[in-house]
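Close look at the chain arrangement
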Amino acid sequence: MKELMNRFWAGEHRALARVISTVENELPEKDEILKEIYTKTGGAYILGVTGSPGAGKSSLVDSLVKEIRKSKELVGIVAVDPTSPFTGGAILGDRIRMNTHALDQGVFIRSMGTRGSLGGLAKTTKEVVKVMDAFGMDWIIIETVGVGQAELDIMYIADSTIVVLTPGAGDSIQTMKAGIMEIADIFAINKCDLPGADSIEMEVQLMLNFRDDHIKWRPPVVKTSTYNAGQGIGELLDAVKKHRSYLSEKGIFLKKRQERASNEVLDIINYQWDRLVRQHLGKPGPVSEMLAKVSAREVDPYTASSMIVKQIIEGADFQKNCP
Ligand SMILES: Nc1nc2c(ncn2[C@@H]2O[C@H](COP(=O)(O)OP(=O)(O)OP(=O)(O)O)[C@@H](O)[C@H]2O)c(=O)[nH]1
Ligand SMILES: [Mg+2]
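This report concerns the structure included in the present document. (Residues numbered from 1 in each chain as written. Chains lettered and ligands numbered in written order. Predicted model: local features only at pLDDT ≥ 70, side-chain atom pairs only at ≥ 80, totals over all residues.)

1. Observations concerning the overall build of the protein
We count it as follows: Secondary structure elements are defined from DSSP: runs of H or I of at least 4 residues count as helices, runs of E of at least 2 residues count as strands, and each element is numbered from the N terminus. Here a residue counts as buried when 20 or more other C-beta atoms sit within 10 Å of its C-beta, as exposed when there are 12 or fewer, and as partly exposed otherwise, the C-beta atoms being derived from the backbone. We call two residues in contact when their backbone-placed C-beta atoms lie within 7 Å.
Across its full length, the protein carries 13 helices and 7 strands. Put simply, the protein has 323 residues, and 33% of those count as buried. Here the contacts in the protein between residues at least 6 apart in sequence split such that 73% fall between residues at least 24 apart.

Rendered as structure tokens:
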């Protein structure tokens, strides 16, 4: 473990890959690792890229990374692919489409399929992002297919989110899943080399005109193509940087991060508290006795809950567990 972490802190990609696997596979060292890295996180800017299957997300990420790398900043990519857990086809495809960076030491790519529940995927993705963040990435780009709630959940950890649309009837924004349009900070109309890009752009602008929210940021709409040396890619990155400046100037960036930190602690408290109470349930003792009284209608559940909470807090040795 120590040796692995030394190599991790020294910036070795192979160590990064192993640390990510440890976290992904819930190995015993996982908690220790997440504790060790936490204070080194917070430096990366997290960019989400989402859109329908085949919209060109991976190609676009690849082009964006090329653009970002001009300034030598380090990039981590997390390609989340909950739709094809078994074939791995899309994951393989991502590797191929993003392989222009295979030899670039400033870029690290990780594909993640479904392991267990989709809800679990969101949690694991957050943890993997943290690992990349602590490793020293300046940017972390998360690619997900915007089809379900799990993907939307994943997007909540992004500082800026690009929603990728494409020309053609199949992608008409009326047919897009509700929710995905709302999370867009920037729209990319990709495959603008194909006919119909202008009309989808107009559709999006029209929708934005009618959007009645009080947030002052109007998502820019950028036409891109990853074909023929790329088009609009620099503009797309500029739009992301503009959004980033907007967030920090308005204090939204800090506020969001503070919110995220307290939510995280609350989540952990909930989890630990739940576990603590459940440990008492199976055993004979005051907690089980109280439950028996509730069941016998001798005590109401509200009184019982308060007493159980009091009982557990008084019984727990908090001092011992504090660092
Ligand atoms: N015409 C055109 N085709 C593109 C463009 N960008 C990507 N494609 C093609 O669109 C297809 C899908 O590209 P991907 O980058 O894999 O799209 P994706 O959204 O990551 O796909 P999934 O991850 O499978 O949902 C590929 O055949 C690409 O070659 C573009 O700018 N113009
Ligand atoms: Mg892809």
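2. Re the site of ligand 1
What counts here: Nearness between a residue and a molecule or strand is assessed with a C-beta atom placed from the backbone; a distance within 6 Å qualifies.
Taken together, 18 residues sit near ligand 1, with Gly56, Lys57, Ser58, Ser59 and Lys191 positioned nearest. Sorting the residues of the shell around ligand 1 by element identifies helix H4 (57-69) and helix H5 (89-97) as the ones contributing at least two each.

3. Notes on unusual backbone geometry
Despite not being glycine, Lys191 has its phi angle at roughly 60°, a positive value. Structurally, Lys191 is set in the loop between strand E6 (186-189) and helix H8 (197-210). Of note, the phi angle at Arg297 is positive, near 65°, even though the residue is not glycine. Looking at the element boundaries, Arg297 is found in the loop between helix H11 (286-295) and helix H12 (301-315).

4. Topic: the pairing of strand E3 (residues 107-112)
As a reminder of what qualifies: Between any two strands, pairing holds if DSSP finds at least two bridges.
Burial analysis of E3 places 5 of its 6 residues in the buried class, which makes it a mostly covered element. Where strand E2 (residues 75-80) and E3 come together, 6 bridges link them in parallel fashion. Residue pairing for E3: Val78 is matched across the bridge by Arg110.

5. Some remarks on the environment of Lys30
By secondary structure assignment, the location of Lys30 is in helix H3 (residues 30-37). Judged by C-beta crowding, with 15 C-beta atoms within 10 Å, Lys30 ranks as partly exposed. Note: C-alpha distance between Lys30 and Ile20 (10 residues apart in sequence) is 9.2 Å. With near-sequence residues (within four places) excluded, Lys30 lies in contact with Thr22 and Val23.

6. Quick word on the pairing of strand E5 (residues 160-165)
Where burial is concerned, most of E5 is hidden: 6 out of the 6 residues are buried. Of the two faces of E5, the one lined by Ser160, Ile162 and Val164 and the one lined by Thr161, Val163 and Leu165 are each fully buried. Strand direction decides the pairing type here: strand E1 (residues 45-51) and E5, joined by 5 bridges, are parallel. Within E5, the position partnered with Leu47 by the bridge is Ser160. Across 4 bridges, E5 lies against E6 in parallel orientation. Bridging across to E6, Leu165 finds its partner in Ile189.

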